[in-house]
Amino acid sequence: FVTFWFNLDGELIQRNVMPIVFCLGAIAAAHDWNLTKLDRFAVPFLLVFLLFCGLIVAFEIESRNYLRLLSPLLLWPAASLLSNNRVGDWLASLSKYSFLTFLTHGPLLLLASVFYRKAIPGLPYWMFWVLCPIAVAALVIGMHKITYRYIPKAMSLLLGGR
């Protein structure tokens, strides 16, 4: 925690909160935590998450480390709201894109932010926050489909296939 929070690794890890959250997930899995106990808090946790996002947008807060640190704890229970419904089933059908999304969303969001600031400064910031993740997800799904169509063996290897 100390190594990543205070950036003692230098440039090795660009987003210092990510290893902390990843380790928390690993600990939860290794110790068989029953995360479904948090499902009863799904709606309030989701509202808190949305409130944090709204505050970041409203006050143009640059550091999102606390949001990144708390997001898994707030969103794991919220995911239970997607169980046994059409939206959840549709999202589950997109799971094959999740690893590539995990690998590429950070740099793509950064590029989108730079593009937004330079090319379309007239777009309200809140609208950028709403549209950008949707655009990045669509781009990653498109990249996945195209690359698997033309270089399937290389993509399989790059994404963990054997």
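So, here's what we can say about the structure. Everything numeric here is computed off the predicted structure, so don't read it as measured data. By convention here, each chain's residues receive numbers from 1 onward along its written sequence. Per-residue local features of the predicted model are confined to residues with pLDDT of at least 70, and side-chain atom pairs are confined, for both listing and counting, to 80 or more; whole-chain, interface and lining totals are unaffected and use all residues. To get the side-chain values, take all heavy atoms of the structure and skip hydrogens and water.

Some points on unusual backbone geometry
For residues other than glycine, phi is negative in most cases, and the peptide bonds are mostly trans.
Then, number 1: Unlike most non-glycine residues, Asp32 shows phi in positive territory, near 55°.
Then, number 2: Going along the chain from the N terminus, every DSSP run of H or I of four or more residues is numbered as a helix, and every run of E of two or more is numbered as a strand. Structurally, Asp32 is set in the loop between helix 2 (17-30) and helix 3 (42-58).
Then, number 3: Categorising residues by exposure relies on relative accessible area from a 1.4 Å probe, with only protein chains included: less than 20% of the type maximum marks a residue as buried, more than 50% marks it as exposed, and the intermediate range marks it as partly exposed. According to the relative accessible area criterion, Asp32 is exposed, its value standing at 67%.
Then, number 4: Of note, Asn84 is a non-glycine position whose phi angle comes to about 60°, a positive value.
Then, number 5: By secondary structure assignment, the location of Asn84 is in the loop between helix 4 (65-78) and helix 5 (86-93).

Considerations on a nonpolar patch on the surface
Then, number 1: On the surface, Phe1, Val2, Phe6 and Leu8 cluster together into a nonpolar patch covering about 480 Å² of accessible area.
Then, number 2: Turning to its location among the elements, Phe1 is positioned in the segment before helix 1 (2-5). The residues that make up patches have over 30% relative accessible area and no salt bridge, and they are joined within 9 Å when like-charged or within 5 Å when they are Val, Leu, Ile, Met, Phe, Trp or Tyr. All accessible-area figures derive from a Shrake-Rupley calculation using a 1.4 Å probe, and residue coverage is judged against the displayed protein chains alone. Salt bridge, as used here, is a side-chain nitrogen of Lys or Arg placed within 4 Å of a carboxyl oxygen of Asp or Glu.

Describing the environment of Ala78
Then, number 1: Among the secondary structure elements, Ala78 is positioned in helix 4.
Then, number 2: Between the C-alpha atom of Ala78 and that of Ile146, which follows or precedes it by 68 residues, the distance is 32 Å.

Side note on the state of the cysteines
Then, number 1: Pairs of cysteine sulfur atoms within 2.5 Å are what we label disulfides. According to the stated counting rule, one finds zero disulfides in the structure shown.
Then, number 2: Lacking any disulfide linkage, Cys132 is separated from the closest cysteine sulfur, that of Cys53, by 13 Å.
Then, number 3: The class of Cys132 is buried, set by a relative accessible area of 9%.

The analysis is restricted to geometry; functional conclusions fall outside its scope.
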